[in-house]
Amino acid sequence: MKTILICTDGSPFAETSYRYGAYVANRLKAQGAAVDVLCVTDINSQQVVSKGNFCRSIGIDASENLLNCLVELEHEKAKFTHHQAKLILQTALRTLKAEGINRINPIYKTGFLLDCLDEFEQDFDLIVLGKRGENASFASGNLGANLEKIVRNSRKPCLVTPLKYQPIERLLLAYDGSKNGQKMLEFIKASPLFQGLELHLVTVAKSLLDRPIMKHRLNQAAKLLQEAEFAPVAHLLEGEPEKAIANYIREKNISLLIMGAYGHNRIRHLVIGSTTDQILKTSNIPVFLFR
C-alpha cells in the first residue's frame, strides 16, 4: 500500500480525514507511501439556472440579454468554485505537512466524483473519505450522498472517517470466515499499518446453531494472527452483527474497526438494510472497509 487518496469537499468530516490519512501514510513511510488529495467540483453546481427559450415570453432582445447575463454569472461562479477548491486543497496540504507528510499531490477536477475515482483508481491503494460531506448539518442521521456509491463501486479498500479524530490504539477486526475475511487476515499479517497495536478479533453468531462453526472460524483466525506475532483478544459474540459489534466498540473503547465492505445481495439490502450501512451510520470511529 503506497498511494493513499483522500477525497475532500472541505467539510468538517473531510478535514478530519486529512489527519487519518496522515496517520496511515506515516505508518507506511518505510514503504514510500504518498498522499493524493482529490477535490472535485460537481459540474451541476456551476449551472446557475436553466437557459430555456425565453423569446416567446420576454422577446428576442431581452432573452439575448438575459442569456448573456446567465453566461457571465456561470463564468463567475466557476471562478469562485475554482478558488474555493484551491483553498480546500491548501488547507489539506497544510494539515498533512503539519502531520509530517511531505509526499503530497493535490488534484482538482470538475465533473463527478465517481467518474474521477474510476479514472484514478488504478493509481492508488486506499481511499480515505469522511462518512458525510458538506451538507452534513442538514442530515444528521444519514451517510454522505457519494459514500455508499464509492464503497460499492470501488475495488480498493476504503477508510471512512468520523467527525472527530482520536489516536488509533485498539483495532477491532470483525471476522466472518468468508473469502473476504481471509483476505483481511492476510492483509493485516503482511502490512506494517497495524503492527504493534492492540488487536481485537470478534465473530458474531446469530443463533445457538451457529456457535460451533463460528467458534471454529474464530479460533482459526486467532491462530493465523498469532503466527504473525499478534496477540489477538478473541471473542465470540451473539445476536445481530451491527448491534453486537457496536456494543463491543463502546465497551472496549475500540478506535478503528476493520470489516468487509458491502455484500453482493443488493435486493436484500434494499429490503432490510445492511450491517455495513448500520455500522457506518452509528459509528464514531473510523471504519476500514475491505473488499
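A brief report on the enclosed structure follows. Note that this is a predicted model, so its numbers are computed, not measured.

Thoughts on the packing of helix 6 (residues 179-190) against helix 7 (residues 211-227)
Pairs of packed helices are described in terms of their axes, by the angle between the two and the distance that separates them.
Okay, so step 1: Following both chains from N to C, one finds helix 6 and helix 7 inclined at 20 degrees, their axes separated by 9 Å at the closest point. The angle between the axes of helix 6 and helix 7 places the two elements in the roughly parallel class. Where helix 6 crosses over helix 7, the handedness of that crossing is right-handed. Residues Gln182, Leu185, Ile188 and Lys189 of helix 6 form the contact with helix 7, whose participating residues are Ala221, Leu224 and Leu225.
Okay, so step 2: Grouping the amino acids of the contact of helix 6 with helix 7 by side-chain chemistry returns five nonpolar, one polar and one charged.

Looking at the packing of aromatic side chains
Okay, so step 1: A full pass over the atoms with the stated rule returns six aromatic pairs.
Okay, so step 2: Judged by centre distance (6.4 Å) and plane angle (25 degrees), the rings of Phe288 and Phe290 are stacked.
Okay, so step 3: Chaining the aromatic ring pairs together yields one cluster made of Phe187, Phe194, Phe288 and Phe290.
Okay, so step 4: Taking NZ or CZ as reference, Lys156 lies 5.5 Å from the ring centre of Phe124, over its face.

Re the sheet that holds strand 1 (residues 3-8)
Okay, so step 1: The strand order across the open sheet formed by ten strands is 3-2-1-4-5-10-9-6-7-8, and the pairing between neighbours is mixed. A single partner strand is all that each edge strand has here, and the edge strands are strand 3 (104-111) and strand 8 (233-238). Between one strand axis and the next, the sheet turns through 20 degrees on average, direction left out of account.
Okay, so step 2: As paired elements, strand 1 and strand 4 (residues 126-130) share three bridges and run parallel to each other. Within strand 4, the residue paired with Leu5 across the bridge is Ile127.
Okay, so step 3: Of the strands in this sheet, strand 7 (198-205) and strand 8 touch helix 7, which is tilted by about 160 degrees from strand 7.

Describing the nonpolar core
Okay, so step 1: One finds Ile4, Leu173, Phe194, Ile258 and Phe288 to be the most contacted residues of the largest nonpolar core, which totals 50 residues.
Okay, so step 2: Sort the elements by how many residues they give to this core and helix 1 (residues 12-27) lands first, with seven residues.
Okay, so step 3: What Phe194 contacts, discounting residues up to four positions off in sequence, is Arg27, Leu171, Phe187, Ile188, Phe230, Leu256, Ile258 and Phe288.

Reading the values: rules and limits
Residues numbered from 1 in each chain as written. Predicted model: local features only at pLDDT ≥ 70, side-chain atom pairs only at ≥ 80, totals over all residues. Heavy atoms only, no water. Axes fitted to C-alpha atoms, helices over the stretch in contact; angles between N-to-C directions. Helix = DSSP H or I, 4+ residues; strand = E, 2+ residues; numbered from the N terminus. Parallel < 35°, antiparallel > 145°, perpendicular 65-115°, else oblique. Left-handed = near helix turned anticlockwise from the far one by under 90°. Contact = heavy atoms within 4.5 Å. Nonpolar A, V, L, I, M, F, W, Y, C, P; charged D, E, K, R; others polar. Phe/Tyr/Trp six-rings, centres within 6.5 Å; stacked < 30°, edge-to-face > 60°. Lys NZ or Arg CZ within 6 Å of the ring centre and 35° of its normal. Pairing = 2+ DSSP bridges. Core = buried A, V, L, I, M, F, W, Y, C linked by side-chain atoms within 4.5 Å. Buried < 20%, exposed > 50% of the residue type's maximum accessible area, 1.4 Å probe, protein only.

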